[in-house]
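Spelled out from the first residue to the last, the chains are:
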Amino acid sequence: VVTALAKDSFLGIRYCVLLWVALGIATIFLLKKTTFGRKIFAVGCSPRVTDLSGINTQVVLVGVYVIASVMMAVAGILLIGHLGYPNYTMGDSYQLISIAAVVIGGTSMTGGLGGILGTFLGIFLLKIVDSALVMMNVSVYWQDFVQGAILVIAVTIDYMSHRKSGNSFLQRMLGLGRRKPALRP
């Protein structure tokens, strides 16, 4: 069943692509049309303020982790069906691509900003670059280097766009961001 889902097609479109599109549409609906989706963006923007406003941030975070785990399990099952055998390291090469696609798609490293459509566009851009490098017969090591360079450029753009506010991911990670005044209860 898993192999059929990964390799068979309907009207020339593989079932795994149809499942991917269906999950993407469901995620867009969840983020844009439900209160839980609004809470996700609120927690991503400012967990402390969200907690002080009465939203249980722990419940939202657990919900997000559960949804992410289900999505990763579906992806792993489809990958096993596609390759035909399980291996605990077979998804390692997709970590950099996943992070790069999300950042290239416009999701802010500071949180609270982003979306599924931008991530889809980031994936398509990376796959176009990857396909072009394969067609040019570039070494696999240089392909990883190019993807890493694209990620560094995307994070730099994110840093530059949030530099004035002092809230970029790198500034907060390095402790260089502006300190926000503590909210008093």
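Summary of the structure given here. Throughout this description, residue numbers start from 1 for each chain and increase along the sequence as written. Where local features are concerned, this predicted model is filtered to residues with pLDDT of at least 70; where side-chain atom pairs are given and counted, the filter is 80 or more; whole-chain, interface and lining totals use all residues. Note: side-chain values were computed over all heavy atoms of the structure, leaving out hydrogens and water.

**Here's the deal with the nonpolar core**
Step number 1: One finds Ile97, Ala100, Ala101, Val103, Leu126, Ile150, Leu151, Ala154 and Val155 forming the largest nonpolar core, which totals 9 residues.
Step number 2: When residues no more than four places from it in sequence are discounted, the contact partners of Leu151 are Leu96, Ile99, Ala100 and Val103. Among buried residues, the Ala, Val, Leu, Ile, Met, Phe, Trp, Tyr and Cys ones that are joined through side-chain atoms within 4.5 Å form a nonpolar core. Relative accessible area decides the class of each residue, using a 1.4 Å probe on protein chains only: under 20% of the type maximum gives buried, over 50% gives exposed, and in between gives partly exposed. It only takes one pair of heavy atoms within 4.5 Å for two residues to be counted as in contact.

**A closer look at the environment of Gly115**
Step number 1: Along the chain, Gly115 turns up in the loop between helix H6 (94-104) and helix H7 (116-135).
Step number 2: Taking the C-alpha atoms as reference points, Gly115 and Lys32, separated by 83 residues in sequence, lie 9.2 Å from one another. Comment: elements are numbered from the N terminus, with helices defined as DSSP H or I runs of at least four residues and strands as E runs of at least two.

**Comments concerning the packing of aromatic side chains**
Step number 1: Here a pair means two rings of Phe, Tyr or Trp (six-membered ring of Trp) with centres within 6.5 Å. Their orientation is stacked below 30 degrees between planes, edge-to-face above 60, and tilted elsewhere. Under the criterion given, the structure shown has 3 aromatic pairs.
Step number 2: When the centroid spacing of 4.5 Å and the interplanar angle of 55 degrees are considered together, the rings of Trp20 and Phe120 count as tilted. Taken as a pair, Trp20 in helix H2 (residues 15-33) and Phe120 in helix H7 lie far apart in primary sequence, 100 residues in all.
Step number 3: An angle of 85 degrees between the planes, with centres 6.0 Å apart, marks the rings of Trp20 and Phe124 as edge-to-face. Taken as a pair, Trp20 in helix H2 and Phe124 in helix H7 lie far apart in primary sequence, 104 residues in all.
Step number 4: Accessibility expressed as a relative area gives 45% for Phe124, which makes it partly exposed.
Step number 5: One aromatic cluster is present, built from ring pairs that chain together Trp20, Phe120 and Phe124.

**Side note on the environment of Leu19**
Step number 1: Mapped onto the secondary structure, Leu19 falls in helix H2.
Step number 2: Taking C-alpha positions, Leu19 is 9.7 Å from Ala6, a pair spaced 13 residues apart along the chain.
Step number 3: Not counting the four nearest positions on each side in its chain, Leu19 is found in contact with Leu5, Val74 and Leu78.

**Some words on the packing of H2 against helix H5 (residues 57-83)**
Packed helix pairs are specified by the crossing angle of their axes together with the interaxial distance, meaning the distance between the axes.
Step number 1: A fitted line through C-alpha atoms represents every axis, and for helices the fit uses only the stretch in contact; the resulting angles, taken between N-to-C directions, go from 0 to 180 degrees. Where H2 meets H5, the axes come as close as 12 Å, and the angle between the chain directions of the two elements is 175 degrees. Between H2 and H5, the angle falls in the class roughly antiparallel. Packed against H2, whose contacting residues are Cys16, Leu19, Leu23, Thr27 and Leu30, the element H5 presents Ile67, Met71, Val74 and Leu78 at the interface.
Step number 2: As a working rule, the residues Ala, Val, Leu, Ile, Met, Phe, Trp, Tyr, Cys and Pro are called nonpolar, Asp, Glu, Lys and Arg charged, and the rest polar, with Gly in that last group. Residue composition of the contact of H2 with H5, grouped by class: 8 nonpolar, 1 polar and no charged. Orientation categories follow fixed angle ranges, with anything under 35 degrees roughly parallel, anything over 145 roughly antiparallel, 65 to 115 roughly perpendicular, and all other angles oblique.

**Things to note about H6**
Three- or four-residue spacings in an α-helix give side chains the same orientation, since the helix completes a turn every 3.6 residues.
Step number 1: Listing the buried residues of H6 in full gives Ile97, Ala100, Ala101 and Val103. The buried residues of H6 all sit within an arc of 165 degrees when viewed along its axis, so they share a single face. In this description, one arc is meant: the one made by directions from the helix axis to the C-beta atoms.

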